[in-house]
Amino acid sequence: MRIDLHTHSRASDGTQSPAEVMRAAAEAGLDVVALTDHDTAQGWAEATEAAESLGIDLVTGIEVSTRFEHTGVHLLAYLPDAEDPDLVLALDRVLAGRSSRVPAMLANLRAAGIELSEDDVRRVSAGTPATGRPHVADALVARGVVADRAEAFERYLNPGRPGYASRYAADLEDVVPLVVAAGGVPVVAHPWARSARPVLTEAAFAQLRDLGLAGIEVDHQGHDAAAREVLRAIARNLDLAVTGSSDYHGSGKVDHDLGCNTTAPEELARIRELAVNARAART
Ligand code: AMP
Ligand code: FE
Ligand code: FE
Ligand code: ZN
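It should be emphasised that the depicted structure is a prediction, and the values quoted were computed from it without experimental measurement. Within each chain, residues carry numbers counting from 1 in the order of the written sequence. Key to labels: chains lettered from A, ligands numbered from 1, both in the order written. Owing to the predicted nature of the model, reporting of local features is limited to residues with pLDDT of at least 70; listing and counting of side-chain atom pairs is limited to 80 or more, with chain, interface and lining totals taken over all residues. Derived side-chain values reflect all non-hydrogen atoms in the structure, with water molecules and hydrogen atoms excluded from consideration.

## A short note on the site of ligand 1
Spelled out, the test is: One heavy atom suffices: a residue is near a molecule or strand as soon as one of its heavy atoms comes within 4 Å of it. Two N or O atoms form a polar contact when they lie within 3.5 Å of each other; inside protein one atom must be a possible hydrogen donor and the other a possible acceptor, and for residues adjacent in sequence the pair counts only when both atoms belong to side chains. To measure how exposed things are, a 1.4 Å probe is used in the Shrake-Rupley method; for residues, cover is taken only from the protein chains shown. Two kinds of site are reported from a 1 Å grid over the protein atoms alone, namely cavities, where a 1.4 Å probe fits but cannot get out, and pockets, open sets with protein on both sides within 12 Å along at least five of seven lines, and residues are called lining when an atom falls within 4 Å of a point. Any molecule with more than half of its atoms within 2 Å of a cavity's or pocket's grid points is counted as sitting in it. Under the DSSP-based scheme used, a helix requires at least four consecutive residues in state H or I and a strand at least two consecutive residues in state E, with every element numbered from the N terminus. Annotation comment: domain bounds sourced from an automatic or database domain assignment.
As a structural note, the neighbourhood of ligand 1 is formed by 15 residues, with Asp-13, Arg-101, Arg-133, Arg-167 and His-249 the closest of them. Arg-101 places a side-chain nitrogen or oxygen 2.5 Å from an oxygen atom of ligand 1. Note that an oxygen atom of ligand 1 is positioned 2.8 Å from one of the side-chain N or O atoms of Arg-133. Protein burial of ligand 1: of its 500 Å² of free accessible surface, 86% is covered by the chains. For ligand 1, the cavity whose grid points lie within 2 Å of the majority of its atoms is the largest pocket. Elements with a minimum of two residues in the shell around ligand 1: α3 (85-111), α5 (133-142) and α6 (149-157). It is α6 that contributes the most residues to the shell around ligand 1, three residues altogether. Two domains share the shell around ligand 1, each providing at least three of its residues, namely domain 1 (3-91 + 168-282) and domain 2 (99-157).

See below:
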């Protein structure tokens, strides 16, 4: 049983359509795959249909952009009701922040001598409501300014680089209970992969668990063996589920191939059971 609980499609910043991601997942020998686009459930319908015809098991999800202690944290929400009004409202605010950041990034790039238009970005991001830095990166690639996304981030889009602009993200301590209230199961994505390691301590995880956090994405390419070991111990101490996943972005992210990390069947069973309970608890 091969289970990968974190992938992206063109509904956000992946490079394949939701159906193509499902096909790639089946070809990679996965039995279960979660589609977890950034801040949107837009890809679910297409993925559901494709998964059904391929005979692969789809877990619907959303990777929500949140903030904790002034630091960006990605929260995976599994199996929520995507039409829950409070969840929709929270996601709409994040999506609005993403949209208004694009002109800010373009102005910053212009000040650095690089002319890129909103149309240039629209051409490479068509179809997503969650426009992000990877789309600006793709527009830079299309213009021949850089060779690939990695170079675009290094030279222009990472914090401190000339094209960077910050954006709104929802408060993690609000989103965790909100996901549960929407019938979903919240799991912190790649907690120590980037800048959040100092704030996501065991004490912080304990506090988040009391708000309804269900698990930690331990096995992720952004975590080395030592980090995984410590995170696994924290999850064990706090009785949180442990997940593993690829964070696949098609050709948009190297070294994140489908199935490169996987989740144990009993951990997925636990997530599914929590989702059933969360649904049942809704009034
Ligand atoms: P944003 O949410 O718009 O700020 O963009 C962040 C997203 O960019 C992350 O979720 C990753 O998918 C992607 N990303 C970050 N760094 C890189 C990189 N070096 N190469 C490719 N994609 C990246
Ligand atoms: Fe991404
Ligand atoms: Fe992420
Ligand atoms: Zn992701």
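## Quick notes on the pairing of strand β4 (residues 71-78)
Keep this limit in mind: Exposed residues in this analysis have more than 50% of their type's maximum accessible area, buried residues have under 20%, and partly exposed residues fall in between, with area computed by a 1.4 Å probe over protein chains only. Strand pairing is defined by DSSP finding a minimum of two bridges between the two strands.
With seven of eight residues buried, β4 lies mostly within the body of the structure. Where strand β3 (residues 57-68) lies against β4, eight bridges are found, and the strand directions are antiparallel. Of the residues in β4, the one forming a bridge with Ile-62 is Ala-77. Bridge count for β4 against strand β6 (residues 185-188) is four bridges, and the pairing is antiparallel.

## Description of the domain arrangement of the protein chain
For the record, the criterion: Contacts between residues were defined by any pair of non-hydrogen atoms, one from each residue, lying within 4.5 Å. Here a salt bridge means any side-chain nitrogen of Lys or Arg lying within 4 Å of a carboxyl oxygen belonging to Asp or Glu. Put simply, Ala, Val, Leu, Ile, Met, Phe, Trp, Tyr, Cys and Pro go in the nonpolar bin, Asp, Glu, Lys and Arg in the charged bin, and everything else, Gly too, in the polar bin.
Split by domain assignment, the protein chain resolves into domain 1 (3-91 + 168-282) and domain 2 (99-157). Domain 1 and domain 2 are separated by 26 Å when their C-alpha centres are compared. In this complex, domain 1 contributes 10 residues to the contact, which on the side of domain 2 involves seven residues. Linking domain 1 to domain 2 there are zero salt bridges. Counting the contacts that link domain 1 with domain 2 gives four residue pairs in polar contact (both at pLDDT 80 or more). Here the side of domain 1 that touches domain 2 is built from residues that sort into one nonpolar, seven polar and two charged.

## Describing the nonpolar core
Threshold: For the purposes of this section, nonpolar cores are sets of buried Ala, Val, Leu, Ile, Met, Phe, Trp, Tyr and Cys residues that join through side-chain atoms within 4.5 Å.
If you look at the biggest cluster of nonpolar residues, it comprises 37 residues, and the most contacted ones within it are Phe-68, Leu-75, Leu-200, Phe-205, Leu-213 and Ile-216. Those elements giving two or more residues to this core turn out to be β3, β4, α3, α7 (172-181), α8 (202-210), β7 (215-219) and α9 (225-238). Setting aside chain neighbours within four positions, we find Leu-213 in contact with Leu-75, Val-176, Pro-186, Val-187, Val-188, Phe-205, Leu-208 and Leu-240. Counting 17 residues, the second-largest nonpolar core is a separate cluster that includes Val-102, Ala-139, Leu-140 and Ala-152.

## Re the side chain of Ser-12
Here Ser-12 lies in the loop between β1 (3-4) and α1 (18-27). Ser-12 sits in the buried class, given a relative accessible area of 1%. Here the side chain of Ser-12 touches Asp-37 through a polar contact of 2.5 Å, side chain to side chain. In terms of polar contacts, Ser-12 uses its side chain to reach the backbone amide nitrogen of His-38, at 3.2 Å.

## As for the coordination of the iron ion (ligand 3)
Geometrically, a metal with four donors at the corners of a regular tetrahedron has ideal angles of 109.5 degrees, and one with six donors at the corners of a regular octahedron has ideal angles of 90 or 180 degrees. How we decide: With water excluded from the atoms, a metal site may look incomplete; its donors are any N, O or S atoms within 2.8 Å, or within 3.2 Å for Na, K and Ca.
The iron ion (ligand 3) binds to the protein through Glu-63 (OE), His-74 (ND1) and His-190 (NE2), with metal-donor distances spanning 2.0 to 2.2 Å. The sequence pattern describing where the donors of the iron ion (ligand 3) fall on their chain is E-x10-H-x115-H. In this structure, the iron ion (ligand 3) is positioned 5.4 Å from the iron ion (ligand 2). Placement of the pair is Glu-63 in strand β3 and His-190 in the loop between β6 and α8, with a sequence separation of 127 residues. Assigned by exposure class, Glu-63 and His-190 land together as buried.

## Some points on the coordination of the zinc ion (ligand 4)
Counted only if it meets this: For four-coordinate sites, all angles between 85 and 135 degrees define a tetrahedron; for four- and six-coordinate sites, opposite donors beyond 155 degrees with the remaining angles between 65 and 115 define square planar and octahedral shapes respectively, and all other cases count as irregular.
Taken together, the protein donors to the zinc ion (ligand 4) comprise His-6 (NE2), His-8 (NE2), Glu-63 (OE) and Asp-247 (OD), at separations of 2.0 to 2.3 Å. Around the zinc ion (ligand 4), the four donor atoms are arranged such that angles at the metal cover 78 to 167 degrees; this shape is classified as irregular. Sequence positions of the donors to the zinc ion (ligand 4) reduce to the motif H-x1-H-x54-E-x183-D.

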